[in-house]
Amino acid sequence: GEDVEQSLFLSVREGDSSVINCTYTDSSSTYLYWYKQEPGAGLQLLTYIFSNMDMKQDQRLTVLLNKKDKHLSLRIADTQTGDSAIYFCARTHFGNEKLTFGTGTRLTIIP
Amino acid sequence: DTEVTQTPKHLVMGMTNKKSLKCEQHMGHRAMYWYKQKAKKPPELMFVYSYEKLSINESVPSRFSPECPNSSLLNLHLHALQPEDSALYLCASSPGQGATDTQYFGPGTRLTVL
């Protein structure tokens, strides 16, 4: 099956930028997503990028997609304590509405 | 409005009980989903309804029974569950356009099976 991998943990000082990375194995992507999950809560859609794009910026969030390396990243500028959460990347496949999730990255903010 | 609501927020049930989880959206979406999420893991897809018809069943045990009474509502009927079924159950919805859809998630129901 197809794997979507993320590093499990990331610690960042408040005010710095956070970069969360995601790699995938199947190149037949359509949309790629970033979701945020706070403790005990559901998944909040943060942003998404279509597979024919390289970059998307939305306020403090920047998504970069390197299709050659099958690498997706989420940059959060000026990281705040409210950004503490687990971040999941996810993708859909052509002809299929199923979402494949990454393993999730727990972001911890250091005061 | 991108809200998906789920009730109840928490549910504790015994292995002989019958209970139901409910999910509702008023975004006009035509696809709805049930996911199961264990602690520290990503969500796992259970069922997909597309235009009120079951389109995907990820080999889920029959003690979980989904129902889509109309395009806004999705239920998950639970019967004779096992303790290992304890998890966060997430509902999601999307417009129903296939691979270009974006899924919006509810807050989840935290289920504990004793």
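Before reading further, recall that the structure is shown in the block above.
All of these numbers come straight from a predicted model, not from anything done at the bench.

(A) Quick peek at the overall build of chain B. For chain B, the helix and strand inventory stands at zero helices and eleven strands. Mapped in sequence order, the helices and strands of chain B form the string β-β-β-β-β-β-β-β-β-β-β. Scaling as 2.2 N^0.38, a compact globule of 114 residues should have a C-alpha radius of gyration of about 13 Å, and chain B matches this with 13 Å. Projected onto the principal axes, the alpha-carbon positions of chain B cover approximately 40 × 25 × 25 Å. Counting contacts in chain B only where the partners sit at least 6 residues apart, residues at least 24 apart contribute 54% of the total. Accessible area for chain B stands at about 5,500 Å²; split by element, carbon and sulfur atoms hold 50% of it. Counting 12 positive and 10 negative side-chain charges, chain B places the averaged centre of each group 8 Å from the other.

(B) Here's a closer look at the sheet that holds strand β7 (residues 61–66) of chain A. Residues and elements named next belong to chain A. An order of β1-β3-β8-β7-β6 is seen for the five strands of this open sheet, with the pairing classed as antiparallel. Edge strands, defined here as strands with exactly one partner in the open sheet, are β1 (4–5) and β6 (55–58). Judged from the six bridges that link them, strand β3 (residues 18–24) and strand β8 (residues 71–76) form a sheet pairing that is antiparallel. Among the inter-strand pairings, Thr 23 is bridged to a residue of β8, identified as His 71.

(C) Molecular detail of the side chain of Thr 62 of chain A. Residues and elements named next belong to chain A. Within the secondary structure, Thr 62 is located in strand β7. Exposure remark for Thr 62: the relative accessible area of 10% places this residue in the buried category. Setting aside anything within four residues of it in sequence, one finds Thr 62 in contact with Met 55, Lys 56, Gln 57, Ser 73, Leu 74 and Arg 75.

(D) View of the interface of chain A and chain B. In this assembly, 24 residues from chain A lie in contact with 25 residues from chain B. Carbon and sulfur atoms supply 60% of the area that chain A and chain B bury against each other, a total of about 1,700 Å² over both sides. There are one salt bridge connecting chain A and chain B. For the salt bridge of Lys 98 of chain A with Glu 58 of chain B, the shortest nitrogen-to-oxygen distance reads 3.0 Å.

(E) Region of interest: the sheet that holds strand β7 (residues 64–70) of chain B. Residues and elements named next belong to chain B. With respect to topology, four strands assemble into an open sheet ordered β1-β3-β8-β7, the strand pairing being antiparallel. At either end of the open sheet lies a strand with only one pairing partner, and these are β1 (4–7) and β7. The average angle at which neighbouring strand axes cross in this sheet is 20°, direction not considered. Both β7 and strand β8 (residues 73–79) contribute to a ladder of five bridges, which runs antiparallel. Bridge pairing links Pro 66 to Leu 76 in β8.

(F) Main features of the packing of aromatic side chains. Residue and element names in this part refer to chain A. The tally for this structure, following the rule as stated, stands at 13 aromatic pairs over all chains. Ring centres 5.8 Å apart and planes at 45° place the aromatic pair Tyr 33 and Tyr 48 in the tilted group. Taken as a pair, Tyr 33 in strand β4 (residues 29–37) and Tyr 48 in strand β5 (residues 43–50) lie far apart in primary sequence, 15 residues in all. Overall, Tyr 48 belongs to the partly exposed group, its relative accessible area being 30%.

Analysis parameters
Residues numbered from 1 in each chain as written. Chains lettered and ligands numbered in written order. Predicted model: local features only at pLDDT ≥ 70, side-chain atom pairs only at ≥ 80, totals over all residues. Heavy atoms only, no water. Helix = DSSP H or I, 4+ residues; strand = E, 2+ residues; numbered from the N terminus. Rg over C-alpha atoms; globule rule 2.2 N^0.38 Å. Contact = heavy atoms within 4.5 Å. Areas by Shrake-Rupley, 256 points an atom, 1.4 Å probe, with all protein chains shown as cover. Lys, Arg positive; Asp, Glu negative; His and termini not counted. Charge placed at Lys NZ, Arg CZ, Asp CG, Glu CD. Pairing = 2+ DSSP bridges. Buried < 20%, exposed > 50% of the residue type's maximum accessible area, 1.4 Å probe, protein only. Buried area = accessible area lost by both parts, 1.4 Å probe. Salt bridge = Lys/Arg side-chain N within 4 Å of Asp/Glu carboxyl O. Axes fitted to C-alpha atoms, helices over the stretch in contact; angles between N-to-C directions. Phe/Tyr/Trp six-rings, centres within 6.5 Å; stacked < 30°, edge-to-face > 60°.

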